[in-house]
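# Breakdown of the fold
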Amino acid sequence: MRIAWDALPGNTSAKTSLRAALNSRFPQTVLLAAPDEEDAFTCAGILSAALLCTGGGAPCGRCPSCRKLTDDAHPDCIVIDEGEGEIKVETARRIRAQAAILPNDGDRKVFVIRRADRMNDSAQNALLKSLEEPPRYAFFILTTAQPGALLQTIRSRCTIYQLEPPDAPDAPDEALLAPAAAFLRALARGDEYGMLCAANGFVKLNKTGFQQAMALLETAFRDAMLASVARPLLPALADETRALAGAVTTDKLLALCDHAALLARRADVNTGAAIQCAALAAGAQTICHPPRPARRRP
Ligand SMILES: [Zn+2]
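Computed from a predicted structure; not experimentally measured. (Residues numbered from 1 in each chain as written. Predicted model: local features only at pLDDT ≥ 70, side-chain atom pairs only at ≥ 80, totals over all residues. Heavy atoms only, no water.)

Attention now goes to the overall build of the chain. Within the chain, the regular secondary structure consists of twelve helices and five strands. Computed over C-alpha atoms, the radius of gyration of the chain comes to 24 Å, more than 25% over the 19 Å expected from 2.2 N^0.38 for 298 residues, which places it beyond the range of a compact globule. In terms of its C-alpha atoms, the chain occupies a principal-axis envelope of roughly 75 × 50 × 35 Å. Relative to all contacts within the chain whose residues are 6 or more apart in sequence, the contacts with residues 24 or more apart total 75%. Accessible surface computed for the chain: about 15200 Å², of which carbon and sulfur atoms make up 51%. Taking the average place of the 34 positive charges on the side chains of the chain and the average place of its 33 negative ones, the gap between the two points comes to 6 Å. (Helix = DSSP H or I, 4+ residues; strand = E, 2+ residues; numbered from the N terminus. Rg over C-alpha atoms; globule rule 2.2 N^0.38 Å. Contact = heavy atoms within 4.5 Å. Areas by Shrake-Rupley, 256 points an atom, 1.4 Å probe, with all protein chains shown as cover. Lys, Arg positive; Asp, Glu negative; His and termini not counted. Charge placed at Lys NZ, Arg CZ, Asp CG, Glu CD.)

What follows is the structure, given as structure tokens:
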């Protein structure tokens, strides 16, 4: 199971309400609906981790509970996954029986029922009672791509979160994309001259435009950092950010984010555009390919 909050799929408003619910009293029966069920399941894993985390985290990823979940070995997280098959009444009865047993490790127990719409009517009816009056320690998270296929009686007992695809960021300005892509490519291959030429593409921008360009680069560095766990926020630069992820460590990507943010702030005090563009290339080169210390003469 992937449990990092950063990997949470979906739109900002769904994420915000899930975070708010976790910070207060999380509902015991939840239906996660997403156009792609895989997204709902990823979300269910992260929520299970947050509910069971003992490190006081969001989830923390380090406590024994989080580690067991990452290894799919947490005794208090029970995942029902029948694949494309039907979920039958025997399975629903088994869930009820398991829900009656106290948690093994801590004070909570989470049941994740994947593709809950695959429950036949008898299974849904058998589960109804558990969803209606769950034991105080039990949480039920149902995932589905077709919430409408569930009985109304089940839906009405659940708090429903509809995950939509991630919010598209404001479409980046075409005029910024080409130099940004060239800059990222040159950075990935450690070509300082190439970076300088690409950065020169930002030289005619006014202050706001330059700040938008720095924000675009910051987002690209973020995409590179999360290349293996999250969808890119900038699909137009996906090839470049993937290449960068393979060429530059996470620490350096973080430093690059700071560098872009610093230049955006400097633009506020009207530093000359040419200097800013040169600083962009030189700073990125120093972060990613620091000069070797000169050898001392004997
Ligand atoms: Zn934890």
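Having seen the model, we can carry on.
With that settled, the discussion passes to the side chain of threonine 144. Residue placement: threonine 144 occurs in strand β4 (residues 138–144). Accessibility expressed as a relative area gives 0% for threonine 144, which makes it buried. A polar contact is formed between the side chain of threonine 144 and the side chain of aspartate 117, at a distance of 2.5 Å. When sequence neighbours within four positions are dropped, the list of residues in contact with threonine 144 reads Leu31, Leu32, Ala33, Ala34, Glu37, Ala40, Asp117 and Leu150. (Buried < 20%, exposed > 50% of the residue type's maximum accessible area, 1.4 Å probe, protein only. Polar contact = N/O pair within 3.5 Å; in protein donor to acceptor, adjacent residues only side chain to side chain.)

Between its first and last C-alpha, helix α2 (residues 37–52) extends 22 Å over 16 residues, near the 22 Å set by a 1.5 Å rise per residue. Summarising burial for α2: 15 of the 16 residues are buried, a large majority. Of the residues that open α2, the one with a side-chain oxygen 3.1 Å from the backbone nitrogen of glutamate 38 is aspartate 36. (Expected span 1.5 Å × (residues − 1).)

On to the pattern of salt bridges. Under the defined criterion, the tally for this structure stands at 15 salt bridges. Salt-bridge contacts for arginine 185 lead to glutamate 240; the nearest nitrogen and oxygen are separated by 2.7 Å. Of this pair, arginine 185 sits in helix α7 (residues 174–188) while glutamate 240 sits in helix α10 (residues 238–247); the two residues are 55 residues apart in sequence, bridging distant segments of the chain. What makes arginine 185 partly exposed here is its relative accessible area of 42%. (Salt bridge = Lys/Arg side-chain N within 4 Å of Asp/Glu carboxyl O.)

So, to be careful, I would describe these as geometric facts and stop short of saying anything about function.
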